[in-house]
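One letter stands for each residue in the lines below.
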Amino acid sequence: MANAASGIAVHDDCKLKFLELKAKRTYRFIVFKIEEKQKQVIVEKLGEPTNSYEDFTASLPADECRYAVYDFDYVTDENCQKSRIVFIAWSPDTSKVRSKMIYASSKDRFKRELDGIQVELQATDPTEMGLDVIRSRSN
């Protein structure tokens, strides 16, 4: 179903891959892209479970918007192993204004399709989504 605000639909593959990340931990991360010609959100890249956070950040384009989901593993102060699913709205300052508007207007509708997101970040440069930021938002 298309988003009323922006007319952008969500491809079924987005939900299926997200469920695999959430339930089976098949992927470390997923990068999603809005395909403007088809007016829908599609899966652009899947990160293997062995991929690092650096692999994830390297997969985000420097001057284009994207949505991304990252499966963040960490150890609490009490020495408990935990995991959080982090949604990142990547909107670099250098991206086109039209692109920023489309991603911003479609974000909430897209996020609702991905049931199980625990942390949300909006980032315009890599420092706004560093591991330290994610860790502080995960506790």
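Reference entry: report on the structure contained in this document. (Residues numbered from 1 in each chain as written. Predicted model: local features only at pLDDT ≥ 70, side-chain atom pairs only at ≥ 80, totals over all residues. Heavy atoms only, no water.)

## Here's the deal with the pairing of strand E3 (residues 40–47)
One face of the sheet, then the other: side chains in a regular strand alternate in exactly this way. With 2 bridges joining them, strand E1 (residues 9–10) and E3 adopt parallel strand pairing. Note on E3: the bridge partner recorded for alanine 9 is glutamine 40. By the bridge criterion, 7 bridges tie strand E2 (residues 29–35) to E3 in an arrangement that is antiparallel. Residue pairing across strands places isoleucine 30 opposite leucine 46, the latter belonging to E3. (Pairing = 2+ DSSP bridges. Helix = DSSP H or I, 4+ residues; strand = E, 2+ residues; numbered from the N terminus.)

## Focus on helix H1 (residues 12–24)
With 13 residues, H1 extends 18 Å from end C-alpha to end C-alpha; this agrees with the ideal 18 Å at 1.5 Å per step. Within H1, burial applies to Cys14, Lys17, Phe18 and Leu21. Buried positions in H1, seen along its axis, are confined to an arc of 100 degrees and lie on one side of it. Opposite its buried face, H1 presents the exposed residues Asp12, Ala23 and Lys24, each directed more than 90 degrees away. Elements that come into contact with the buried residues of H1 comprise E1, E2, E3, strand E4 (66–75), strand E5 (81–90) and helix H3 (97–113). Of the residues one or two after H1, arginine 25 is the one with positive phi, at around 55 degrees. (Expected span 1.5 Å × (residues − 1). Buried < 20%, exposed > 50% of the residue type's maximum accessible area, 1.4 Å probe, protein only. Arc of directions from axis to C-beta. Contact = heavy atoms within 4.5 Å.)

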